Amino acid sequence: MTINDESRLKQCEIILTQGCNLRCDFCFEKEVGYRSSDQLKFEDLRRLVDLCGEAGVRYLFLTGGEPLLYPNLIEILQYVSENHPSITPTIATNGMLLADINFCRLLLDAGLKYLDVSMKGASSESWIRSTGCDGFSKQMKAIRNLSSTPIEFTCSMVVTHDNVAEVCDAAQMAYDNGAKQFSFTFYIDNSHLQEKDRAYLVKNNPISLIEAFISQTERLCSITDDWWVEYSYPLCIFTKEQLRILEGRLAGPCQIHLGNAITVNTHMELMPCDMYIDTNLGRFGKEFSTSRELKKLLESRDVQGALRDIRRLPSPKCVSCEYLEHCYGGCPVTWKNYSFDSLMSFKEEAFGSF
């Protein structure tokens, strides 16, 4: 991750709080816990925002936990607007608190520019099953509220075996309530499991998950043409026909590969991304306090070595792959529970020689 003219920092993701009002079964941060007391101090957050302004960051991505629970959210949005107008603040949220139209207006008036609303299902039943809470009607009201304002927002969905059959129903419900654009991410397992390789793949079959999603794309296109799939699985896991169907709808590689973003947790620790909750690359106020010190840290031998290990391609075959620059082996977390060879063998079992 090197800051230079070609690959400079464009985004900073800041985890405001680990507190959350849901308990999603697919949440990659559930191992951290949901401690509402685990949150950034407002003064530290302001210092981080100032660093972003100094470093020329364009997008400030506020997340959690549930960032709308952060007590100083309005204040930090106002601070960004008044002191760093070149930065675009965005929020990723489950949207439940946005059922209050007055809160929506407060956020907009404070300077919020973009929202990502994470869909959890197409009904109260699916919400309860996946989150332990019935927030379906509140989220639909939130989407109606947002659609009545000028703010741009996306409805996103983590696609799992439990909810893939509801992808189009969820999109239809959100669309009928005013949503226009949608993003989908195939579930990436960030858990520490004993089952590995083929045993894991049989139980968590990514091939069948992709097939189940692809089978609905024609209907999805009839609902809206403004949808895409976020970066997750390596492209070699898809068939040629599946890639043809998804042509123009696949998001590019993540910040770990592009080196154009940083992530900071509630303890002001720099992480490769929010999936690497146990990897501390340096602490703000200790290893770095200015953009110059941040640049030096990111280019240091220790940090570059840690990132090189994470970026390592899953197979030598990736080097000559036609999809290399669009894929880089997929999300590095993908390889936490199985190897490239085991995945290719599993795919061959499913489709035969390819």
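Residues numbered from 1 in each chain as written. Predicted model: local features only at pLDDT ≥ 70, side-chain atom pairs only at ≥ 80, totals over all residues. Heavy atoms only, no water.

(A) Expanded view of unusual backbone geometry. A cis amide bond links Gly64 with the next residue in sequence, Gly65, at an omega value of 25 degrees. Position of Gly65 among the secondary structure elements: in the loop between strand E2 (59-63) and helix H2 (73-83). Backbone geometry at Asp197 places phi at a positive 50 degrees, although glycine is not the residue there. Mapped onto the secondary structure, Asp197 falls in helix H7 (residues 197-204). (Helix = DSSP H or I, 4+ residues; strand = E, 2+ residues; numbered from the N terminus.)

(B) Looking closely at the packing of helix H8 (residues 206-214) against helix H15 (residues 340-351). At a minimum axis separation of 10 Å, H8 and H15 run at an interaxial angle of 55 degrees. One element, H8, and the other, H15, form an angle in the oblique class. Listed contacts from H15 to Pro206, Ile207 and Glu211 of H8 are Leu343, Phe346, Lys347, Ala350 and Phe351. (Axes fitted to C-alpha atoms, helices over the stretch in contact; angles between N-to-C directions. Parallel < 35°, antiparallel > 145°, perpendicular 65-115°, else oblique. Contact = heavy atoms within 4.5 Å.)

(C) Spatial organisation of the environment of Cys327. Mapped onto the elements, Cys327 comes out in helix H14 (residues 324-327). Owing to a relative accessible area of 7%, Cys327 belongs among the buried residues under this scheme. For Cys327 and Thr93, which are 234 residues apart along the polypeptide, the C-alpha to C-alpha distance reads 27 Å. Setting aside residues up to four positions removed in sequence, Cys327 forms contacts with Tyr231, Pro234, Leu235 and Pro253. (Buried < 20%, exposed > 50% of the residue type's maximum accessible area, 1.4 Å probe, protein only.)

(D) Spotlight on the nonpolar core. Leu73, Phe184 and Phe213 are the most contacted members of the largest nonpolar core, which totals 97 residues. Ignoring anything within four residues of it in the chain, the contact list for Phe184 reads Met119, Met157, Val159, Val167, Phe213, Leu220, Trp227, Trp228, Val229 and Glu230. Tyr231, Cys273, Cys331 and Val333 belong to the second largest nonpolar core, which has nine residues in total. (Core = buried A, V, L, I, M, F, W, Y, C linked by side-chain atoms within 4.5 Å.)

(E) Quick look at the environment of Arg144. Following the sequence through the fold, Arg144 ends up in helix H5 (residues 136-147). Once the C-alpha coordinates of Arg144 and Asp176 are considered, the two residues, 32 residues apart in sequence, prove to be 9.0 Å apart.

(F) Focus on H2. Here H2 has its buried residues at Leu73, Ile74, Ile76, Leu77, Tyr79 and Val80. As for H2, its buried residues are in contact with helix H1 (42-55), E2, strand E3 (88-93) and helix H3 (101-110).

(G) Focus on the packing of aromatic side chains. All told, the structure shown has 10 aromatic pairs when counted by the stated rule. The structure contains a cluster of three or more aromatic residues connected by ring pairs, namely Phe184, Phe186, Phe213, Trp227, Tyr233 and Phe238. Lying across the ring of Tyr175, Lys180 places its NZ or CZ 4.9 Å from the centre. (Phe/Tyr/Trp six-rings, centres within 6.5 Å; stacked < 30°, edge-to-face > 60°. Lys NZ or Arg CZ within 6 Å of the ring centre and 35° of its normal.)

(H) Quick peek at the sheet that holds strand E7 (residues 227-229). Pairing within the open sheet is mixed, and its 10 strands lie in the order E7-E6-E5-E4-E3-E2-E1-E8-E9-E10. Edge positions in the open sheet fall to E7 and strand E10 (282-283), since each of these has one partner strand only. Strand direction decides the pairing type here: strand E5 (residues 152-159) and strand E6 (residues 182-186), joined by five bridges, are parallel. Note on E6: the bridge partner recorded for Val159 is Phe186. On top of the sheet, H2 reaches E2 and E3; it is set at about 175 degrees to E2, its chief contact. Each of E5, E6 and E7 touches H8; the most contacted strand, E6, lies at about 160 degrees to it. (Pairing = 2+ DSSP bridges.)

(I) Seen up close, helix H6 (residues 167-176). Of the positions making up H6, those classed as buried are Val167, Cys168, Ala170, Ala171 and Ala174. The buried side chains of H6 occupy one side of the element, clustering within an arc of 160 degrees when seen end-on. Buried residues in H6 make contact with strand E4 (114-119), H5, E5, E6, H8 and helix H9 (217-223). Immediately beyond the C-terminal end of H6, within one or two residues, lies Gly178, with a positive phi of roughly 120 degrees. (Arc of directions from axis to C-beta.)

(J) Highlighting the environment of Thr63. Residue placement: Thr63 occurs in strand E2. Expressed as a C-alpha distance, the spacing of Thr63 and Glu13, which sit 50 residues apart in the sequence, is 7.1 Å. Apart from residues lying up to four places away in sequence, Thr63 is in contact with Glu13, Ile14, Ile15, Leu16, Thr17 and Ala92.

(K) Local environment of the side chain of Asn177. As for its position among the elements, Asn177 is in the loop between H6 and E6. Overall, the relative accessible area of 14% leaves Asn177 in the buried class. Setting aside residues no more than four positions away along its own chain, Asn177 makes contact with Met140, Ile143, Arg144 and Ser147.

(L) Highlighting the pairing of E5. Of all the eight residues making up E5, six are buried; the element is thus mostly covered by neighbouring parts of the structure. Sheet analysis places E4 next to E5, joined by six bridges and oriented parallel. Considered in E5, the bridge of Asp116 is made with Thr154. The β-α-β motif built from E5, the intervening H6 and the parallel element E6 has right-handed crossover chirality. (Right-handed = clockwise from strand over helix to strand, strands pointing away.)

(M) How the structure looks around the state of the cysteines. Using the criterion set out here, one finds zero disulfides in the structure. Distance from the sulfur of Cys20, which forms no disulfide, to the nearest cysteine sulfur (Cys24) is 6.2 Å. Looking at Cys155, it has no disulfide partner, and the nearest cysteine sulfur is the one in Cys104, 12 Å off. (Disulfide = S-S within 2.5 Å.)

Everything listed here is a matter of geometry and, on its own, says nothing about what the molecule does.
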